[in-house]
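Next come the chains, spelled out residue by residue.
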Amino acid sequence: MTQQRIVLGVGGGIAAYKAASLLRLFKEHGFHVDVVPTAAALEFVGKPTWEALSGNPVTDTVFEAVDAVNHVRLGQQADAVIIAPATADLLAKAAAGMAADLLTNTLLATRAPVLMAPAMHTEMWEHPATRTNVETLRSRGVHVLDPAVGRLTGRDTGPGRLPDPEAIYAAALRLLAAPGASGAPAAGVSPAQDTPGASGPLAGRTVVVTAGGTREPLDPVRFLGNRSSGKQGIAVARVALAAGAAVRFVAAHMDEPAPEGVELTRAGSALELQHAVSEAARGADVLVMAAAVADFRPADYTEAKIKKDDDGGAPTIRLVRNPDILADLVEARAAGGRAGADLPSIIAGFAAETGDGASSVLDYGRRKLQRKGCDLLVVNEVGVDRTFGQDTNDATILFRDDSDPVRVAGTKDDVARAVVDAIVRVGNR
Ligand code: CTP
């Protein structure tokens, strides 16, 4: 199988450092990568980093290695050109068809699919000039991702963050596997759904991930909900995709769109989620329950909107227990039989805990792990300002077999990577 070739174009923005993680993902999955930074990108991350990580020479100019005719050769040989970060300047140059340096020459010379992952301040992303450039590029078939929403370089937040390297990698795989993409898919290149040939520690495995918070309907317009944003489940799904898994994603209410490349099922309430998970879990290898499932639901659902009484009173809402989806699946697996054998051999739960005077967060976590019987439990400390909707998430992973807990401090992506690593390790035991 011939090795697939990626040109990784790096624009001059602070997010250039994140392209190093993207480069690693391509290298770990066996791609040949030529990094083509702009001169501005080299102000942020220097040539030695790109050369060491890619194993190939790096230049931003057409006046080096002229005998190799790099300014057309790189684009012609590429199976895909991936630009991350794509700055406002780079989008403008690409839209105008300029050929000012090696990267813009490569963009003009290539017939391969092009993926651009923008990163810039919100004002620049929303500027009419950038909007027009993005539209022009998309109309020509260039895949321009929407930037992620979140903290930007300074204290400001909004749309403009570079999407996570895993998300860009997953989008690149889909592009390479799409009909009409140049070259036959090599190992690791098929989309995760058609796992044959996918590489990575979860290649050939099916992972079910639940995410978001359930909404328990009260009447046609009201529900009881929770603060879960879905970000942690989205991060786990992306890392699992990047590790080569086919991902079945069961989404309750989330603040963000589901990741691309997953098989998506939507679920509103806990009962809907239970149904969707029991379907998705059949024949899967791993289940990660990152969803915040409501423990209770209103006992009665009224078909008509609940109205105020004239006497100034308020209704009493009676609640009933929802099934514990995770514990029930663990129990069904333990019960064995054909139905039990078909369930994932690794079931992971998440626990949002607050400590109190009597017990610490970890004590509660250990008890929950025993009660639920899952194979691993990711324990987070929560409070109104902690974890929910935040990008960072300190966690401890506890294991049923009593192996040493793993502590992770960092972003939800860091936690997701640690969870997937732990799953791979449990699977290899
Ligand atoms: N979970 C579930 N079904 C429920 C509640 C929770 O499957 N009805 C799963 C969650 O997806 C999570 C794990 O169980 O993976 C722990 O969730 P958590 O809310 O911390 O646990 P609870 O069982 O609700 O415990 P507590 O009494 O502390 O709320």
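Nothing here was measured: the structure is a model prediction, and the numbers come from that model.

Procedures and definitions
- Residues numbered from 1 in each chain as written.
- Predicted model: local features only at pLDDT ≥ 70, side-chain atom pairs only at ≥ 80, totals over all residues.
- Heavy atoms only, no water.
- Domains from an automatic or database assignment.
- Contact = heavy atoms within 4.5 Å.
- Buried area = accessible area lost by both parts, 1.4 Å probe.
- Salt bridge = Lys/Arg side-chain N within 4 Å of Asp/Glu carboxyl O.
- Polar contact = N/O pair within 3.5 Å; in protein donor to acceptor, adjacent residues only side chain to side chain.
- Helix = DSSP H or I, 4+ residues; strand = E, 2+ residues; numbered from the N terminus.
- Core = buried A, V, L, I, M, F, W, Y, C linked by side-chain atoms within 4.5 Å.
- Buried < 20%, exposed > 50% of the residue type's maximum accessible area, 1.4 Å probe, protein only.
- Phe/Tyr/Trp six-rings, centres within 6.5 Å; stacked < 30°, edge-to-face > 60°.
- Pairing = 2+ DSSP bridges.
- Axes fitted to C-alpha atoms, helices over the stretch in contact; angles between N-to-C directions.
- Expected span 1.5 Å × (residues − 1).

Novice: Hey, could you run me through the domain arrangement of the protein chain in this one?
Specialist: Quoted interface sizes are often the accessible area lost when the parts come together. Per the domain assignment, the segments of the protein chain are domain 1 (5-177) and domain 2 (206-300 + 315-428). Each side of the interface is counted separately: domain 1 has 9 residues, and domain 2 has 8 residues. Across the domain 1 to domain 2 interface the summed buried area is about 800 Å²; carbon plus sulfur atoms make up 46%. The largest per-residue losses of area from domain 1 upon contact with domain 2 belong to D164, E166 and R174, which jointly make up 58% of the total buried on that side. Our count for the contact surface shared by domain 1 and domain 2 stands at 2 salt bridges. Where E166 meets R417, a salt bridge forms, and the shortest distance between an N and an O atom there is 2.5 Å. Applying the counting criterion to the domain 1 and domain 2 interface returns 3 residue pairs in polar contact (both at pLDDT 80 or more). Ranked by the residues each element gives to the side of domain 1 that touches domain 2, the list is headed by helix 9 (residues 165-177), at 5 residues.

Novice: Just to check I follow, could you spell out the nonpolar core for this structure?
Specialist: One broad rule of soluble globular proteins: the nonpolar side chains tend to lie buried together. L202, V207, V209, V247, F249, V288 and I397 are the most contacted members of the largest nonpolar core, which totals 41 residues. Every element with two or more residues in this core is listed here: strand 8 (206-211), helix 10 (231-242), strand 11 (246-251), strand 13 (286-289), strand 16 (346-353), strand 17 (376-381), strand 18 (395-399) and helix 15 (412-428). Apart from residues lying up to four places away in sequence, I397 is in contact with L376, L377, V378, P405, V406, V408, A418, V419 and A422.

Novice: Even after reading the chapter, I still don't get the packing of aromatic side chains, so can you show me in this structure?
Specialist: Describing an aromatic ring pair means giving the distance of the ring centres and the angle of the ring planes. Evaluated as defined, the whole model comprises 2 aromatic pairs. Arranged with centres 5.4 Å apart and planes meeting at 85 degrees, the rings of F26 and F31 form a pair that is edge-to-face. A relative accessible area of 2% places F31 in the buried class. Here F26 falls in the buried class, since its relative accessible area comes to 0%. Within the aromatic cluster, the residues linked to one another by ring pairs are F26, F31 and Y169.

Novice: Just to check I follow, could you spell out the sheet that holds strand 13 for this structure?
Specialist: Pairing between the strands of a sheet is mediated by backbone hydrogen bonds and can be parallel or antiparallel. On the basis of which strands lie adjacent, the open sheet formed by 8 strands has the order 12-11-8-13-16-17-18-19 and mixed pairing. Two strands bound the open sheet, and with one partner strand each, they are strand 12 (263-266) and strand 19 (406-408). Recorded for the sheet is a direction-independent mean angle of 15 degrees between the axes of neighbouring strands. Taken strand by strand, helix 11 (residues 270-281) contacts strand 8, strand 11, strand 12 and strand 13, and its axis lies near 170 degrees from that of strand 11. Here helix 15 sits on the sheet and contacts strand 13, strand 16, strand 17, strand 18 and strand 19; the angle it forms with strand 18, its principal contact strand, is near 10 degrees.

Novice: Is there a simple way to think about helix 12 (residues 325-335) in this case?
Specialist: Structural remark: α-helix, 3.6 residues per turn; residues separated by three or four positions point the same way. Looking only at helix 12, the buried set comprises I325, L326, A327, L329, V330 and R333. On its buried face, helix 12 sits against helix 11, strand 13, helix 13 (337-341), strand 16 and helix 14 (361-372). Where helix 12 begins, the capping side chain belongs to D324, and its oxygen is found 3.3 Å from the backbone nitrogen of L326. Downstream of helix 12 by a residue or two, G336 has a phi angle that is positive, lying close to 70 degrees.

Novice: Honestly, the pairing of strand 18 in this entry has me stumped. Any pointers?
Specialist: Regular strands place side chains that alternate from one sheet face to the opposite one. Burial within strand 18 is extensive, with 5 of its 5 residues counted as buried. Examined bridge by bridge, strand 17 and strand 18 share 5 bridges and lie antiparallel to one another. By the bridge assignment, N380 is partnered in strand 18 with A395. Sheet topology note: the strand 18/strand 19 ladder contains 3 bridges and is antiparallel. When the sheet's bridge partners are listed, I397 is paired in strand 19 with V406. Between strand 18 and the antiparallel strand that follows it, strand 19, lie 6 residues; D402 among them carries a positive phi value of about 70 degrees.

Novice: How should the pattern of salt bridges be read in this particular structure?
Specialist: For side chains bearing opposite charge, pairing can occur when the charged atoms are close. Evaluation of the coordinates by the stated rule reveals 15 salt bridges. The salt bridge involving D324 is made with K372; its shortest N-O contact spans 2.7 Å. With D324 in the loop between strand 15 (319-321) and helix 12 and K372 in helix 14, the pair connects residues that are 48 residues apart, well separated along the chain. Taking relative accessible area as the criterion, D324 reaches 29% and is therefore assigned partly exposed. Here the salt bridges do not stand alone but share partners, grouping E166, D414 and R417 into one network.

Novice: What exactly am I supposed to notice about helix 8 (residues 128-139) here?
Specialist: Given a rise of 1.5 Å per residue, 12 residues ought to cover 16 Å, and the 16 Å separating the end C-alpha atoms of helix 8 matches this to within 8%. The inward-facing, buried residues of helix 8 contact helix 5 (88-96), strand 4 (114-118), helix 7 (122-126) and strand 5 (143-144). Phi turns positive one or two residues past the end of helix 8, at G141, with a value near 95 degrees.

Novice: Is there a simple way to think about the sheet that holds strand 4 in this case?
Specialist: Here 5 strands make up an open sheet; going across it, the order is 2-1-3-4-5 and the pairing parallel. A strand with exactly one partner marks an edge of an open sheet, and here the two such strands are strand 2 (32-37) and strand 5. The pairing of strand 1 (residues 5-10) with strand 3 (residues 80-86) spans 4 bridges and is parallel. The residue of strand 3 that forms the bridge with V7 is V81. Its contacts with the sheet put helix 5 on strand 3 and strand 4, and the angle it makes with strand 3 is roughly 140 degrees.

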